[in-house]
Amino acid sequence: MLAVSFLKLRKDLSGFLSDAKKPALQNMGLNKGERAPDKVYELLSEQEKHSKILVLLTSTSCDLCKRIYPALNPLQLKSKNRLKIILFTVGDEESVKHVLDEYELDVTAFPSLWPDIKETFRIEHIPYAYVFSNEGKVLNKGLVNSQEQLSYLLDYKL
C-alpha cells in the first residue's frame, strides 16, 4: 500500500514539475500558425534564414525580464546559429542599450512603447515570447520567466 501511494505521489509531482516548465498564457496573442503582423513580418524576412526566430517582448524595468536576459546567450550557443533572437523592449534607446551591455547580449533589439507592443502582438503581460518559423508563422508562444520555459518553447534540451 505504501509503495502504491509513493508511486502515485511521484507521478503527481512529476506532472506538476513538468507543467512548471511550460510557459503560461499560451492562449493569449497571435495564434499558432498565424503569420506575424506586417511590420514584424517585414523585419523577420530581412533576417538571415534561421530555422527559428525567437521574438522576446520585454521591458528594461521588468524584474522578470531581467531573469530572462541571462538565458539568451546560452540559448544562442546551444542552437548553433539555427536561432535568431529579436527583442522588442519597452524603454528608450539608451536604456535598451544599457540592458544589452549589462547582459552582454548579441541580439537584435528594438526600443518600443508598451502600447505598440500590446497592440501589435495582442498581449497583456511580459516577458512574452513568440517562436516564428523562417516564413514568419507562429510556431509557439507563451509568457516566460525562466530558461526552462524558453527551452520548452523552442523545444531545445539544455
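Residues numbered from 1 in each chain as written. Predicted model: local features only at pLDDT ≥ 70, side-chain atom pairs only at ≥ 80, totals over all residues. Heavy atoms only, no water.

### Thoughts on the overall build of the protein
Here is step 1 of the chain: Scanning the protein from N- to C-terminus turns up 6 helices and 5 strands.
Here is step 2 of the chain: Out of the 158 residues belonging to the protein, those deemed buried represent 45%.
Here is step 3 of the chain: In the protein, once contacts between residues fewer than 6 apart in sequence are set aside, the share between residues at least 24 apart is 69%.
Here is step 4 of the chain: When the accessible surface of the protein is totalled, it reaches about 9,200 Å², and 54% of it is carbon and sulfur. (Helix = DSSP H or I, 4+ residues; strand = E, 2+ residues; numbered from the N terminus. Buried < 20%, exposed > 50% of the residue type's maximum accessible area, 1.4 Å probe, protein only. Contact = heavy atoms within 4.5 Å. Areas by Shrake-Rupley, 256 points an atom, 1.4 Å probe, with all protein chains shown as cover.)

### So, the side chain of T58
Here is step 1 of the chain: Counting through the fold element by element, T58 comes out in strand 1 (residues 52-59).
Here is step 2 of the chain: Look past the residues within four positions of T58 in its chain and what remains in contact with it is C65, Y69, F88, T89, V90, I117, I126 and P127.

### So, the sheet that holds strand 5 (residues 138-143)
Here is step 1 of the chain: Spatial ordering of the open sheet is given by 3-2-1-4-5, a layout of 5 strands whose pairing is mixed. In the strand order of this sheet, the two ends are held by strand 3 (108-112) and strand 5, each with one partner. With direction set aside, neighbouring strand axes in the sheet form an average angle of 15 degrees.
Here is step 2 of the chain: As paired strands, strand 1 and strand 4 (residues 128-133) are joined by 6 bridges and run antiparallel to one another. (Pairing = 2+ DSSP bridges. Axes fitted to C-alpha atoms, helices over the stretch in contact; angles between N-to-C directions.)

### Notes on the pattern of salt bridges
Here is step 1 of the chain: In this structure the tally under the stated criterion is 4 salt bridges.
Here is step 2 of the chain: A salt bridge links D38 to R35; its shortest N-O distance comes to 2.7 Å.
Here is step 3 of the chain: Measuring nitrogen to oxygen at the nearest pair gives 3.5 Å for the salt bridge that ties K118 to E124. (Salt bridge = Lys/Arg side-chain N within 4 Å of Asp/Glu carboxyl O.)

### What about unusual backbone geometry?
Here is step 1 of the chain: With an omega of 0 degrees, the peptide bond between I126 and P127 qualifies as cis.
Here is step 2 of the chain: Residue placement: P127 occurs in the loop between helix 5 (114-121) and strand 4.
Here is step 3 of the chain: Despite not being glycine, E104 shows a phi value in the positive range, around 50 degrees.
Here is step 4 of the chain: Mapped onto the elements, E104 comes out in the loop between helix 4 (93-102) and strand 3.
Here is step 5 of the chain: The exposed category is assigned to E104, whose relative accessible area is 64%.
Here is step 6 of the chain: Its identity as a non-glycine residue notwithstanding, R122 has a phi of 55 degrees, on the positive side.
Here is step 7 of the chain: If you trace the backbone, R122 turns up in the loop between helix 5 and strand 4.
Here is step 8 of the chain: Taking the relative accessible area as the measure of exposure, R122 reaches 39% and is therefore partly exposed.

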